Amino acid sequence: MTVFLESIPAWRDIRRSLAQDTVGFVPTMGALHRGHFSLVERSTAECDVTVVSVFLNPTQFSDQADLEKYPRDQDGDRAALDDYGVDYALFPTFQMIYPDEYRYKVAESGLSSQLCGASRPGHFDGVLTVVMRLLNIVRPHRAYFGEKDYQQYLLIRDMVQSFLMDIEIVPCPTVREEDGVALSSRNRRLSAGGRKQAAAFAKQLREGDSPERIRSALESLGITVEYVAEDLGRRFGAVFVDGVRLIDNVVLG
């Protein structure tokens, strides 16, 4: 049975009792889906104890409207975590994560300004800061991140290495629906027509022959393209469908 915690001091008491156990950690923003639980399954296979956090982090949203529309389902999340046999689930508040009101933050000066960072100022500052704080709270041996957010994974991996943190950051493959759409909490906001456009986005990233032609093909379907780019051995894309921002990436070759 999952132990649900809303108190950091209570978790720290428990954490001291786990000194002999390998702790795996899956940080999430809630509205959980099979993609999240693929990370949980990896953690439970590799670690003695698995911890999941559910915290919708406002500091990584540059658009307040986007934050307000982000899917929320705390009751469903709690039930699903219990069904999956997660050992501990943390549901911290903003004040617990940011007692300094976000005066102090982690910033990166290279990769964070590219791809998704080019159009979302401050986004990766918020991501890196909240992950750093959560890692300091949970103190895991391993933390698991999906490759759908590959840029985010790289930044978190490099942050942990740069700050000499003794934590393994484990990348996990993107989980997709049968139509190829990468699982995302944001998919809940798509209409039936939007879902078909999302499938076309995934197909073009996978099968298109150049960023320019992919952009043209997507725009001909009425999809607003933020970027399609090839870097780091992958093809990345970000689009808007039904006003919902979707991202994806595939390995080149």
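Since the structure is predicted, the reported quantities are computational estimates derived from the model, not experimental observations.

**So, the overall build of the protein chain**
Moving on, step 1. In terms of regular secondary structure, the protein chain is built from ten helices and nine strands.
Moving on, step 2. In summary, the protein chain has a C-alpha radius of gyration of 18 Å against a globular reference of 18 Å for 253 residues, a match within 12%.
Moving on, step 3. Within the span of the protein chain, comprising 253 residues, buried residues form 53% of the whole.
Moving on, step 4. Within the protein chain, contacts between residues at least 6 apart in sequence are counted, and of these 71% link residues at least 24 apart.
Moving on, step 5. Per element, the accessible surface of the protein chain, about 12,000 Å² overall, is 48% carbon and sulfur.
Moving on, step 6. Measuring between centres, the 29 positive side-chain charges of the protein chain sit 2 Å from its 36 negative side-chain charges.

**As for empty space enclosed by the protein**
Moving on, step 1. The tally for this structure, following the rule as stated, stands at two cavities of 30 Å³ or more.
Moving on, step 2. Taken as a whole, the second largest cavity encloses approximately 80 Å³ of empty space.
Moving on, step 3. Forming the boundary of the second largest cavity are 13 residues, of which Ser-7, Ile-8, Leu-90, Phe-91 and Pro-92 lie nearest the centre.
Moving on, step 4. Within the residue set of the lining of the second largest cavity, elements represented by two or more residues are helix H1 (8-17), helix H5 (94-97) and helix H7 (123-138).
Moving on, step 5. Here the lining of the second largest cavity is built from residues that sort into ten nonpolar, two polar and one charged.

**What about the packing of helix H9 (residues 192-207) against helix H10 (residues 211-220)?**
Moving on, step 1. It is the contact of H9 with H10, at a shortest axis distance of 10 Å, that shows an interaxial angle of 160°. Here H9 lies roughly antiparallel to H10, going by the angle between them. In the packing of H9 onto H10, the handedness of the crossing is right-handed. Mapping the contact onto sequence places Ala-200, Phe-201, Gln-204 and Leu-205 in H9 and Ile-214, Ala-217 and Leu-218 in H10.

**Points about the state of the cysteines**
Moving on, step 1. Applying the stated criterion across every chain, the model contains zero disulfides.
Moving on, step 2. Not part of a disulfide, Cys-116 finds its nearest cysteine sulfur in Cys-172, a span of 19 Å.
Moving on, step 3. The exposure class of Cys-116 is buried, given its relative accessible area of 6%.

**Here's the deal with H9**
Moving on, step 1. Between its terminal C-alpha atoms H9 stretches 23 Å, which fits the 22 Å expected from 16 residues at 1.5 Å a residue.
Moving on, step 2. Restricting attention to buried positions, one finds in H9 the residues Gly-194, Ala-198, Ala-199, Ala-200, Phe-201, Ala-202 and Leu-205.

**Regarding the sheet that holds strand E9 (residues 244-251)**
Moving on, step 1. Taken in spatial order, the three strands line up as E7-E8-E9 in an open sheet, and their pairing is antiparallel. Looking at strand neighbours, the two that pair on one side only are strand E7 (224-231) and E9, the edges of this open sheet. Neighbouring strand axes in the sheet, compared pairwise and without regard to direction, differ in orientation by 10° on average.
Moving on, step 2. Where strand E8 (residues 234-241) meets E9, eight bridges bridge the pair, whose relative direction is antiparallel. When the bridges of E9 are listed, Ala-238 appears paired with Ile-247.
Moving on, step 3. Against the sheet, H9 contacts E7, E8 and E9, and its axis sits at roughly 160° relative to E8.
Moving on, step 4. The strands touched by H10 within the sheet are E7 and E8, with E7 carrying the most contacts at an inclination of about 160°.

The rules behind the values
- Residues numbered from 1 in each chain as written.
- Predicted model: local features only at pLDDT ≥ 70, side-chain atom pairs only at ≥ 80, totals over all residues.
- Heavy atoms only, no water.
- Helix = DSSP H or I, 4+ residues; strand = E, 2+ residues; numbered from the N terminus.
- Rg over C-alpha atoms; globule rule 2.2 N^0.38 Å.
- Buried < 20%, exposed > 50% of the residue type's maximum accessible area, 1.4 Å probe, protein only.
- Contact = heavy atoms within 4.5 Å.
- Areas by Shrake-Rupley, 256 points an atom, 1.4 Å probe, with all protein chains shown as cover.
- Lys, Arg positive; Asp, Glu negative; His and termini not counted.
- Charge placed at Lys NZ, Arg CZ, Asp CG, Glu CD.
- 1 Å grid on protein atoms, 1.4 Å probe; cavity = no way out; pocket = protein on both sides within 12 Å on 5 of 7 lines; lining within 4 Å.
- Points joined across faces, edges and corners; volume = space filled by probe spheres on them.
- Nonpolar A, V, L, I, M, F, W, Y, C, P; charged D, E, K, R; others polar.
- Axes fitted to C-alpha atoms, helices over the stretch in contact; angles between N-to-C directions.
- Parallel < 35°, antiparallel > 145°, perpendicular 65-115°, else oblique.
- Left-handed = near helix turned anticlockwise from the far one by under 90°.
- Disulfide = S-S within 2.5 Å.
- Expected span 1.5 Å × (residues − 1).
- Pairing = 2+ DSSP bridges.

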